[in-house]
Every structure is written in structure tokens, then in C-alpha cells.
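Residues per chain, in single letters:
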Amino acid sequence: QMISLRSSIKNGCIIGIDRTFNVGACYLTVTTFRNRNIIKNESNEPQIMLGPMYLHWDGTYHTYQRFLSHSIGKLL
């Protein structure tokens, strides 16, 4: 997953981030990206794939900063 994400970012892909999933008392933040290695037949567009997901207890700046810093560190 991280290899595909890294490759897509190098080709200009934009990462989507969405915290819409409440799983009980915690949150699930999902990232998405277009995988340029998988092309949909109907639209000839790259397939949208799930990226790293993050289970966390709050939506503070510090929480997202930690998640995104860790993710970026793994992608470099």
C-alpha cells in the first residue's frame, strides 16, 4: 500500500483525508489516493484506493500532525 501511494505521489497524485467514521468512542481517519498502476476500463482514470488509516481518540491538531508526520516519514 505504501509503495503504491509513494509511486502515485511522485506522479502528482493528491491524497484525500476524511474523518467521517466514528467507531464507538474513537475515530477512524481514512486516506485515499488514485493508483496510477490500476486504470478503470469504463473511464480510463486511475482507480481510487485506500491509503493509510488512523484510529484515534480525538481530532486535535496535534493528533493529525503526529499521524501525517509519521506517514510522510514512511513515504520519503
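The structure displayed is predicted, hence computed values, not measured ones.

Visitor: Pulling in residues and values, what's your account of the packing of aromatic side chains?
Guide: For the coordinates displayed, the defined rule picks out 1 aromatic pair. Considering the side-chain rings of Tyr54 and Phe67, the 4.5 Å spacing of their centres and the 0° angle between planes classify their relative orientation as stacked. Taken as a pair, Tyr54 in strand β3 (residues 46-56) and Phe67 in helix α2 (residues 61-75) lie far apart in primary sequence, 13 residues in all. The class of Tyr54 is buried, set by a relative accessible area of 16%. The class for Phe67 is buried, based on a relative accessible area of 6%.

Visitor: Requested: an account of a nonpolar patch on the surface, with residues and values cited.
Guide: A surface patch of nonpolar side chains, about 540 Å² in accessible area, is lined by Ile9, Ile15, Ile17, Leu68, Ile72 and Leu76. Classification of Leu68 as partly exposed rests on a relative accessible area of 31%.

Visitor: Run through the side chain of Thr63, naming residues and quoting values.
Guide: When you line up the elements, Thr63 lands in helix α2. Every residue in contact with Thr63, bar those within four places of it in the chain, is listed here: Tyr54, His56 and Asp58.

Visitor: Go over the sheet that holds strand β1 (residues 16-23), please, and point to the residues and values.
Guide: Overall, antiparallel pairing links the 3 strands, which are arranged β1-β2-β3 in an open sheet. Edge positions in the sheet fall to β1 and β3, since each of these pairs with one other strand and no more. Taking the axes of each pair of neighbouring strands and ignoring which way they run, one obtains an average angle of 30° across the sheet. Contacts from helix α1 (residues 2-10) reach β2 (26-39) and β3, with the element oriented near 65° to β2.

The rules we used
Residues numbered from 1 in each chain as written. Predicted model: local features only at pLDDT ≥ 70, side-chain atom pairs only at ≥ 80, totals over all residues. Heavy atoms only, no water. Phe/Tyr/Trp six-rings, centres within 6.5 Å; stacked < 30°, edge-to-face > 60°. Helix = DSSP H or I, 4+ residues; strand = E, 2+ residues; numbered from the N terminus. Buried < 20%, exposed > 50% of the residue type's maximum accessible area, 1.4 Å probe, protein only. Patch = residues over 30% accessible without salt bridge, like charges linked within 9 Å, V, L, I, M, F, W, Y side chains within 5 Å. Areas by Shrake-Rupley, 256 points an atom, 1.4 Å probe, with all protein chains shown as cover. Salt bridge = Lys/Arg side-chain N within 4 Å of Asp/Glu carboxyl O. Contact = heavy atoms within 4.5 Å. Pairing = 2+ DSSP bridges. Axes fitted to C-alpha atoms, helices over the stretch in contact; angles between N-to-C directions.

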